[in-house]
Amino acid sequence: MAARLWCASLFLVVAGLAVGEPGDEVAIDEAEIRGQASELPQAKEVQGPLYIHAYQVPPTFLIGSDGTLNLKGPKNVLESAGVTFGPGASAVYEPTRSVLIVRNTLDQLELVEAYIDTGCNLVAEKQVTAIVEFIEVDARTLSDWTFENRLDTDGTPLRKMLQALVREGEARVVETSVIICRSGQRARTESVSEVTYTSELEQRELPESVSLSAGSEAEEGAVIGAATEYRNVGITTEVDAVIGADEITIDLNLAPSLIAVGEPTVWPNAEVDANSRQEMPSFYRSKITTQVTLKDGRYAFLGTSKPLTPSLEGVDHSVLAIFVRGDISRVEVVELAPVGVHD
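Please read all numbers here as calculations on a predicted model, not as lab measurements. (Residues numbered from 1 in each chain as written. Predicted model: local features only at pLDDT ≥ 70, side-chain atom pairs only at ≥ 80, totals over all residues. Heavy atoms only, no water.)

Engineer: Quick question: what am I supposed to make of the overall build of the chain here?
Structural biologist: For the chain, the helix and strand inventory stands at five helices and 16 strands. Out of the 343 residues in the chain, the part that is buried amounts to 39%. (Helix = DSSP H or I, 4+ residues; strand = E, 2+ residues; numbered from the N terminus. Buried < 20%, exposed > 50% of the residue type's maximum accessible area, 1.4 Å probe, protein only.)

Written out as structure tokens, the structure reads:
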């Protein structure tokens, strides 16, 4: 049964309805209602008793099945469902609390309730699939394309051009990360290995006195590790995704990171005695932190970084082009919980 509140008084206009949490009763201040009566259209001619019902409806009440907003308002939505509005009848939708207020005869209000119960109050949960890609390409190829084409919010044309190069072997997909999250929630995915390395060094102490035989030399204090740390090597993607009110655009806050192990370094240098030096790993990181707005199913070009070592044949200067695509999907249908019922 649709969540509703109704008043049998002909001239009592429901406005300023206070909606609480699921299971709470709806509180109504009659003085406030009468004071805000002007918010609903007044009848020029009243034929038969009219009643006012207030329904809790989903936030997508004015959005059609094709994802477009019905600019004609709630009355048009209900008329499309077969509800008739005679003299004095009206419909008002309050988007801030997602409340539909209908003034009509009881038989028409039953049609409104049936419409809400059979479909309007069935809300499909939505989630976002984010696809992040690192693509290595010749820097000159990317420069030529950006010289001839304008970079805008839709990075799909550039992504299509690079895909053609990938098929021809002139570009390479270095890493791909896919993650699914609900709108408004943070999600994180990692595909890494932990590399342990020495973070602090110290020199081993020598005894205060030593005895040396003829021709022997005193031992130097060896450099040893005093502390270790670890670092994730691989790809990490963290995403905050919010679906826009139009259910077409997606706001993404993301920070994809690609980390690899580079050539080791020797401290203090490779010329000193083997006991007095320590080999230390070096790490390469390609990371971008940004916020973008993109359309459902389209790519956004996030930027570029430099690869650790070029891997394309015959290319001495390549770049990593970083892309993200967001796909909105609708999952199982769940029934909207009633806010409260007053009969």
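Engineer: Whenever I open this one, the pattern of salt bridges confuses me. Can you help?
Structural biologist: Between side chains of opposite charge, pairing is possible as soon as their charged atoms come close. This structure, assessed with the given rule, holds eleven salt bridges. Its salt-bridge partner being D154, residue R298 comes within 2.7 Å of it at the nearest N-O pair. With a gap of 144 residues between them, R298 in the loop between β14 (290–295) and β15 (299–305) and D154 in the loop between α4 (139–148) and α5 (156–168) connect regions that are remote in the sequence. Judged by its relative accessible area of 31%, R298 is partly exposed. The shortest N-O distance in the salt bridge between R188 and E238 comes to 2.7 Å. Residue R188 is located in strand β7 (residues 185–203), and its partner E238 is located in strand β8 (residues 223–243); the two are separated by 50 residues in the primary sequence. (Salt bridge = Lys/Arg side-chain N within 4 Å of Asp/Glu carboxyl O.)

Engineer: Hey, could you run me through the nonpolar core in this one?
Structural biologist: In a soluble, globular protein the nonpolar side chains are often hidden away together inside. Formed by 25 residues in total, the largest nonpolar core has its most connected members in L252, L254, V292, L302 and V324. Only β5 (122–138), β6 (171–182), β8, β9 (249–254), β14, β15 and β16 (318–335) provide two or more residues apiece to this core. Ignoring anything within four residues of it in the chain, the contact list for L254 reads V132, E238, V239, I288, T289, T290, V292, L302 and V324. Core analysis: the next-biggest nonpolar cluster, separate from the first, contains 17 residues, V77, F85, A89 and L100 among them. (Core = buried A, V, L, I, M, F, W, Y, C linked by side-chain atoms within 4.5 Å. Contact = heavy atoms within 4.5 Å.)

Engineer: Any chance you could explain α5 here in plain terms?
Structural biologist: With 13 residues, α5 should cover 18 Å at 1.5 Å per step; its first-to-last C-alpha distance of 19 Å lies within 8% of that length. Of the residues making up α5, those classed as buried are T156, L158, R159, M161, L162 and L165. G169, located one to two residues past α5, shows a positive phi value of around 80 degrees. (Expected span 1.5 Å × (residues − 1).)

Engineer: Can you walk me through the packing of aromatic side chains in this structure?
Structural biologist: The geometry of an aromatic ring pair is captured by the separation of the ring centres together with the interplanar angle, meaning the angle of the planes. For the coordinates displayed, the defined rule picks out four aromatic pairs. The structure contains a cluster of three or more aromatic residues connected by ring pairs, namely Y299, F301 and F323. (Phe/Tyr/Trp six-rings, centres within 6.5 Å; stacked < 30°, edge-to-face > 60°.)

Engineer: Teacher, can you tell me more about α4 here?
Structural biologist: Side chains of residues three or four places apart in an α-helix project in the same direction, reflecting 3.6 residues per turn. When α4 is considered as a whole, its buried residues turn out to be A139, L142 and W145. In an axial view of α4, the angular spread of the buried residues amounts to 130 degrees, which keeps them on one side of the axis. What points out from α4, more than 90 degrees from its buried face, is the exposed set R140, D144, F147 and E148. A distance of 3.0 Å separates the backbone nitrogen of R140 from a side-chain oxygen at the start of α4, and that oxygen is part of D138. (Arc of directions from axis to C-beta. Polar contact = N/O pair within 3.5 Å; in protein donor to acceptor, adjacent residues only side chain to side chain.)

No statement about biological role is implied by the geometric values presented.
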